[in-house]
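A look at the structure
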Amino acid sequence: MQTAIARRPTFSLPAWLADGRTLAMACGLAILAMQVELIFAKSVNWDEFFGFGQIHQWLRGEPVPVLQVPYVYLFGWVPGLPGGAIDHILAIRALILPFELLTAAVIFDLARRFASRNAALLAAMSYIGGGHVFLHAFALRADMIAASLLMGVLWVVLTRPLRLPALVGAALLFALAMIATIKSVLYAPAILAALWWRRDSLPLRLLMPAAAVAAGLGLVALIATGAAGPLVAMAASSAERMFDGGLFPQGGYLADQLLTAPILTIMLLAGAVVLWQRCRQALPFLAACLVPLLAVAIYRNAFPYYYVFALPPAMMVAAAGADWMQTRYGLAPVAAVLALNALALSLSENRQVLRDQRTVHAGIAEIFPESVTYIDDAAFVGPFPRAVHHFASGWGLSGYRAGGVPSYRMAMEQRVVPFLLREGPAMENFDPARDGELTLLGEDTAALRDSYIRHWGKVFVAGKRIGPGTGRIEVLVPGTYTVEGSAVTVDGQTHAPGRTVVLQRGEHAVSAQAPATLRWGDHLPRPAFAWPDGALYTNY
């Protein structure tokens, strides 16, 4: 009699779950979902506030640059939606996300021509989920918009029949990208190499007409928008400024990118080796695709958001590395690691900062229910008009100091500026002994230091501290002032504490028996809640 041998039950995954591509796409959707969550959770950076301020500047009819501000003209309607300034910035972030998706789609379509479809999928995923791109692709800046236009140029040149409409369309896309950001010129080597690679398909008889039509339309557009002069001037100043920072001027951010996107880093390195060994005929084009990324070695403004712009063409090289990686380790495991990396980046973000920014906006709205002109470094309160429009750091501050014009004092002499937000190096350092490249000119520093007093946290309002005795004060911010502390005699008239006095711009004789304060406004309110303890910004 034979004894039956018990068999172990077998278990098999459903076909859709066992398919590596399905799992990889699920990981890709997870990365995208985490990025969408960041749109509404990541703190607003100073340059996003600045860009939003430019939108309001344009809506008020004030001059804004024609170049490098595509978001002004694309999203000028957003402030008309319900909600506050931060809500509108987050809405614009959501509207910029499709530009990233379009770029990722082009990466996939182009990469599959150099590698397998699985590798192309990993290349697109590693772009969205890799390092600075994952954290900044949706930022209110020109970089993602320009990158999508430029990748559109490469897609047309590499995949479409090279007839006159396609060539003119590609040229116009490139012109729009140049208007969006002048650093679009860094894509020119890749575009020219792509044209050279397809030279056998390029009817030379159409090249000159296409160039002529594109140049004519571009010239008309530049003249019509008033961008011709600014473009020439910006090109001249940018050539000097953009590459004067020495070798690896922002090397720390490069190291961050390499370390926070390790799979992408390996893909790029492996891809370069694979292509050198197996795809020599495409090397000129693929090497040209690396130019925007390699420019970090000399480009002064290679900050985190720059990688959003620089990486898309480099993903053609990364796709070859992705092919090697998925062959060695499998599609789904590599995709899972990319998703886990994105999760780690998401968890590293300090979500409290955005809540603190909302708190400060709410406090300012209580102090100033109506719009007033103010001074700060980066348009933190976008709907309010700024007395001085430039960005008080980096390039803007350098140009201001080189000009030597005390623009802050001049603005205070021409407009009523009751509010100063002391955030950022230039606004926080009013010590005349610490003059440097991140400080204001001495005359401006003195005017701000002597004209404003603390009101709530870093919100300073026009005011004067009056010591016992007699003296003279210069008032640069005219208006109604509230007397606090003790009685003050102004120009021969005594005002008791709690009373108001109207001060005109200019000098006034004052005296007091005890320390007193003149504070701008008629009993200007203070928020009942405290100024947040944490930082108002993260480091990008």
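Before reading on, note that the structure itself is shown above.
This write-up is about the structure you can find in this document. (Residues numbered from 1 in each chain as written. Predicted model: local features only at pLDDT ≥ 70, side-chain atom pairs only at ≥ 80, totals over all residues. Heavy atoms only, no water.)

Thoughts on the pattern of salt bridges
To be explicit about the condition: Definition used for salt bridges: Asp or Glu carboxyl oxygen within 4 Å of a side-chain nitrogen of Lys or Arg. We call a residue buried when its accessible area falls under 20% of the maximum for its residue type, exposed when it is over 50%, and partly exposed in between, using a 1.4 Å probe and counting protein chains only.
Enumeration over the complete set of coordinates arrives at 19 salt bridges. Residue Glu 62 is joined to Arg 60 by a salt bridge in which the shortest nitrogen-to-oxygen separation is 3.1 Å. Close ionic contact of Arg 113 with Asp 109 constitutes a salt bridge, the shortest N to O distance being 3.1 Å. Owing to a relative accessible area of 43%, Arg 113 belongs among the partly exposed residues under this scheme. Exposure remark for Asp 109: the relative accessible area of 14% places this residue in the buried category.

Brief notes about unusual backbone geometry
As a reminder of what qualifies: By definition, any uninterrupted DSSP run of H or I lasting at least four residues is a helix, any uninterrupted run of E lasting at least two residues is a strand, and each is numbered from the N terminus.
One non-glycine residue, Gln 68, lies in positive phi territory at about 70°. With respect to the helices and strands, the residue Gln 68 is situated in the loop between helix H3 (46-59) and helix H4 (70-74). Relative accessible area serves as the criterion here: at 26%, Gln 68 is assigned to the partly exposed category. At Phe 248, a position not held by glycine, the phi torsion is positive, near 50°. Residue position: Phe 248 is located in the loop between helix H12 (228-241) and helix H13 (251-260). Classification of Phe 248 by relative accessible area gives partly exposed; the value is 39%.

Some words on helix H9 (residues 164-180)
Note the following rule: Expected helix span is taken as 1.5 Å per residue step, with the number of steps being one fewer than the number of residues.
The first and last C-alpha atoms of H9 sit 24 Å apart over 17 residues, in line with the 24 Å expected at 1.5 Å per residue. Looking at H9, one finds that the buried residues are Ala 166, Leu 167, Val 168, Ala 170, Ala 177, Met 178 and Ala 180.

Description of the sheet that holds strand E8 (residues 493-495)
This is how the line gets drawn: DSSP-based pairing: two strands are paired if at least 2 bridges between them are found. All axes are obtained by fitting lines to C-alpha atoms, using only the stretch in contact for helices, and the reported angles, taken between N-to-C directions, cover 0 to 180 degrees.
If you trace the four strands from one edge of the open sheet to the other, you get E5-E10-E7-E8, paired in antiparallel fashion. Strands at the two margins of the open sheet, each flanked by one partner only, are strand E5 (469-475) and E8. Between one strand axis and the next, the sheet turns by 30° as a mean value, whatever way the strands run. Summarising the sheet, strand E7 (residues 488-490) and E8 pair through three bridges and their orientation is antiparallel.

So, the nonpolar core
The test is simple: Side-chain atoms within 4.5 Å link the members of a nonpolar core, which is a set of buried Ala, Val, Leu, Ile, Met, Phe, Trp, Tyr and Cys residues. Only heavy atoms matter for contacts: two residues are in contact if any of them lie within 4.5 Å across the pair.
Met 316, Phe 368, Ile 375, Phe 419 and Tyr 452 are the most contacted members of the largest nonpolar core, which has 180 residues in total. Leave out the neighbours within four places in its chain, and Phe 419 touches Ile 364, Phe 368, Val 372, Thr 373, Tyr 374, Ile 375, Val 381, Phe 384, Tyr 452, Val 459 and Phe 460.

Here we look at the packing of aromatic side chains
Selection rule: Each Phe, Tyr or Trp ring (for Trp, its six-membered ring) is paired with any other whose centre lies within 6.5 Å, and the angle between the two planes then decides the class: stacked below 30 degrees, edge-to-face above 60, tilted in between.
Here the structure, examined in full by the defined rule, presents 26 aromatic pairs. Their ring planes at 50° and their centres at 4.6 Å tell us that Phe 49 and Phe 380 sit as a pair that is tilted. With a gap of 331 residues between them, Phe 49 in helix H3 and Phe 380 in the loop between strand E1 (374-375) and helix H20 (394-403) connect regions that are remote in the sequence. The class of Phe 49 is buried, set by a relative accessible area of 1%. Overall, Phe 380 belongs to the buried group, its relative accessible area being 0%.

A few points about a nonpolar patch on the surface
The criterion, for reference: Like-charged residues within 9 Å of one another, or nonpolar side chains (Val, Leu, Ile, Met, Phe, Trp, Tyr) within 5 Å, are grouped into patches, provided each residue has over 30% relative accessible area and no salt bridge. Accessible surface area values rest on a Shrake-Rupley calculation with a 1.4 Å probe, where residue burial reflects the displayed protein chains alone.
There is a patch of nonpolar side chains on the surface, built from Trp 58, Leu 59 and Tyr 73 and spanning about 290 Å² of accessible area. Tracing the chain through its elements places Leu 59 in helix H3. For Leu 59, a relative accessible area of 44% gives the class partly exposed.

What to know about the pairing of strand E3 (residues 452-456)
Within E3, four of the five residues are buried, which leaves it mostly tucked inside the rest of the structure. In this sheet, strand E4 (residues 459-466) lies alongside E3 in antiparallel orientation, the contact comprising four bridges. Across the sheet, the residue bridging to Tyr 452 is Ala 462, located in E4. The antiparallel pairing of E3 with E4 creates a hairpin that spans two residues between the two strands, and Gly 457 there sits at a positive phi of about 55°.

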